[in-house]
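So the chains spell out like this:
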Amino acid sequence: MLGMVKNSLLSTVEAWPYRLLRKGEKDQVSYEERTYEGGKFAAVELVGKPFDEASKEGAVKLLKYVGGSNDKGIGMGMTAPVSITAFPAEDGSFQQKVKVSLRIPSQFQDSPPCPTDESIKIEERQGMTIYSTQFGGYAKEADYVSYAAKLKAALGSDAAYHKDSYLCNGYDPPMKPYGRRNEVWFVKE
């Protein structure tokens, strides 16, 4: 636990490498199109719990893993964002199923430590192109649903992206009270 706290408070945060393709704005909604590198990710799936509870539980598990709860007992440093794959129901609310993931820091990409928590899986993922919109505050399910609707409206019907899920991203530790960064990402088809 001490490793997790030290890791999130004292270490620098490595950003997931990306390239900005373009910026846009429609109806006072700013958005970006970016392409992200692939790589290895630590991920945990949670089913049967409300989004806010499941996302918090998943994030804590991943923070413990990068903080030293792994077979090598080493703190790896932190990466951002913590991504939560959400699966919207027909009414726009989230189903009780999430996948919380974190890109493994660069220096551990070739050989990541094995998690001691068996619910955490190491996954190899391909690069992706996304549409993103950003907002502040302590994000909850209602915020992500609201900003997803705004992003959908801003992109219009011409943008091709996956509709069965989207990514809810947080960039900041919970103890940061101001200047928080959250994003909704639609993965381009």
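The structure reproduced in this document is the subject of the present report. (Residues numbered from 1 in each chain as written. Predicted model: local features only at pLDDT ≥ 70, side-chain atom pairs only at ≥ 80, totals over all residues. Heavy atoms only, no water.)

A word on the environment of Asp158
Of note, Asp158 is situated in the loop between α3 (141-155) and β10 (166-170). Judged by relative accessible area, which is 76%, Asp158 ranks as exposed. (Helix = DSSP H or I, 4+ residues; strand = E, 2+ residues; numbered from the N terminus. Buried < 20%, exposed > 50% of the residue type's maximum accessible area, 1.4 Å probe, protein only.)

So, the nonpolar core
Counting 37 residues, the largest nonpolar core has Phe51, Val100, Leu155, Cys168, Val184 and Phe186 as its most contacted members. Among the elements that make up this core, the one with the highest residue count is helix α2 (residues 51-66) (seven residues). Beyond its immediate sequence surroundings of up to four residues, Cys168 is in contact with Phe51, Val82, Ser83, Ile84, Ala86, Phe94, Tyr144 and Glu183. Tyr36, Ala80, Leu167 and Trp185 belong to the second-largest nonpolar core, a separate cluster that totals ten residues. (Core = buried A, V, L, I, M, F, W, Y, C linked by side-chain atoms within 4.5 Å. Contact = heavy atoms within 4.5 Å.)

Regarding α3
Spanning 15 residues, α3 covers 21 Å between terminal C-alpha atoms, matching the ideal 21 Å at 1.5 Å per step. Restricting attention to buried positions, one finds in α3 the residues Tyr144, Ala148, Leu151, Ala154 and Leu155. Around the axis of α3, the buried residues are gathered within 125° of arc, so they sit on the same side. Directly beyond the C-terminal end of α3, a positive phi value near 70° is found at Gly156. (Expected span 1.5 Å × (residues − 1). Arc of directions from axis to C-beta.)

Focus: the sheet that holds strand β2 (residues 18-26)
Ordered by their spatial adjacency, nine strands build an open sheet running β2-β3-β9-β11-β10-β6-β7-β4-β8, and the pairing between neighbours is antiparallel. Either end of the sheet is taken by a strand with one partner, and the two such strands are β2 and β8 (120-125). Averaged over all adjacent pairs, the angle separating strand axes in this sheet is 30°, with direction ignored. Docked against the sheet, α2 engages β4 (39-47), β6 (82-88), β7 (94-103), β8 and β10, running at close to 20° with respect to β7. Where α3 meets the sheet, its contacts fall on β2, β3 (29-36), β7, β9 (128-135), β10 and β11 (182-187), and the angle it forms with β11 comes to roughly 50°. (Pairing = 2+ DSSP bridges. Axes fitted to C-alpha atoms, helices over the stretch in contact; angles between N-to-C directions.)

What to know about unusual backbone geometry
A cis amide bond links Ala80 to the next residue, Pro81, at an omega of 5°. Its location among the elements puts Pro81 in the loop between β5 (78-80) and β6. A positive phi angle, near 50°, is found at Asp27, a position not held by glycine. Structurally, Asp27 is set in the loop between β2 and β3. Residue Asp27 is classed as exposed on the basis of its relative accessible area of 61%.

Examining the pairing of β10
Remark: a regular strand shows side chains that alternate across the two faces of the sheet. Taken across its five residues, β10 has four buried, putting it largely inside the fold. As paired elements, β6 and β10 share five bridges and run antiparallel to each other. Residue Ala86 lies in a different strand from β10, and its bridge partner there is Tyr166. The pairing of β10 with β11 spans four bridges and is classified as antiparallel. Its bridge partner being in β11, Leu167 is matched across the sheet by Trp185.

Things to note about the side chain of Glu123
Considering the arrangement of structural elements, one finds Glu123 in strand β8. Only 2.7 Å separates the side chain of Glu123 from the side chain of Lys99, close enough to count as a polar contact. (Polar contact = N/O pair within 3.5 Å; in protein donor to acceptor, adjacent residues only side chain to side chain.)

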